[in-house]
Amino acid sequence: MKLRWPSVTRREFLNTLFTGWFIAFFAACIYPLLKFIYPNLEKEPDFVILNAKDFLEIPNNSTKPFPWGGKLGLIFKKDDGTIHALKGVCTHMECNIMYKPEERKFYCPCHKGYFDQDGKNISGPPPRPLEFFEVRIENEKLIVSKKGVKVEIPKG
Ligand code: FES
């Protein structure tokens, strides 16, 4: 069936198409430029300091997110009540992972990658285990740091 008066003219359609193309092209050009001007734009921190009480009271066998630079960090409380912290990013193509408490596994929805509770890659395409951090509680603060990084909190 042919519409007698189409709701979009050929000119409007082409204008929309070219505008979308131009915006995508502009974004693709500006992003590398911003990364060059601000090299720390996506740099991960060596440590973060969190409010301990926000994370220590989560239920066993659950996770709670925290910002790790521009990426996802996860505080993970195991069944035995121990607290762990990890980067919530898959080692395959950096998709955000999620925890499946009923399976007691971390899951990456992008390509169905699975990791066990210790972060070991157990199925799917992820080539390496998840990155776990060191966790320390001091002065009601939860200090999450990369392994080997010493963090001193100023007293007072
Ligand atoms: S990005 Fe996680 S499995 Fe591919």
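Residues numbered from 1 in each chain as written. Predicted model: local features only at pLDDT ≥ 70, side-chain atom pairs only at ≥ 80, totals over all residues.

1. Topic: the domain arrangement of the chain
Frequently, the measure chosen for interface size is the accessible area that the parts lose on association.
Moving on, step 1. By domain assignment, the chain separates into domain 1 (9–40) and domain 2 (47–145).
Moving on, step 2. Averaged C-alpha coordinates put domain 1 and domain 2 at centres separated by 35 Å. (Domains from an automatic or database assignment.)

2. Observations concerning the nonpolar core
A general tendency of soluble globular proteins is for nonpolar side chains to be buried together.
Moving on, step 1. If you look at the biggest cluster of nonpolar residues, it comprises 18 residues, and the most contacted ones within it are Ile-75, Ala-85, Leu-86, Ile-97, Leu-142 and Val-144.
Moving on, step 2. Here Leu-142 is in contact with Leu-50, Ala-52, Phe-55, Val-135 and Ile-137, once residues within four sequence places are set aside. (Core = buried A, V, L, I, M, F, W, Y, C linked by C-beta atoms within 7 Å. Buried ≥ 20, exposed ≤ 12 C-beta atoms within 10 Å, placed from the backbone. Contact = placed C-beta atoms within 7 Å.)

3. Comments concerning the sheet that holds strand β5 (residues 98–100)
Moving on, step 1. Taken in spatial order, the four strands line up as β5-β6-β7-β8 in an open sheet, and their pairing is antiparallel. Two strands lie at the open edges of the sheet, namely β5 and β8 (121–123), each paired on one side alone. Across the sheet, the mean angle from the axis of one strand to that of its neighbour is 40 degrees, orientation sign disregarded.
Moving on, step 2. Of the strand pairs in this sheet, β5 and strand β6 (residues 105–108) are connected by three bridges, and their pairing is antiparallel. Across the sheet, Lys-100 pairs through a bridge with Lys-105, a residue of β6. (Pairing = 2+ DSSP bridges. Helix = DSSP H or I, 4+ residues; strand = E, 2+ residues; numbered from the N terminus. Axes fitted to C-alpha atoms, helices over the stretch in contact; angles between N-to-C directions.)

4. So, the sheet that holds strand β1 (residues 47–51)
Moving on, step 1. Read across the sheet, six strands follow the order β1-β10-β9-β4-β3-β2 without closing on themselves; strand pairing throughout is antiparallel. Two strands close off the open sheet at either side, each with one partner strand: β1 and β2 (62–68). When strand polarity is set aside, the average angle formed by the axes of neighbouring strands in this sheet is 30 degrees.
Moving on, step 2. Bridge analysis of strand β4 (residues 83–87) against strand β9 (residues 132–138) gives two bridges, and the strand direction is antiparallel. Residue pairing in the sheet places Ala-85 in a bridge with Phe-133 of β9.

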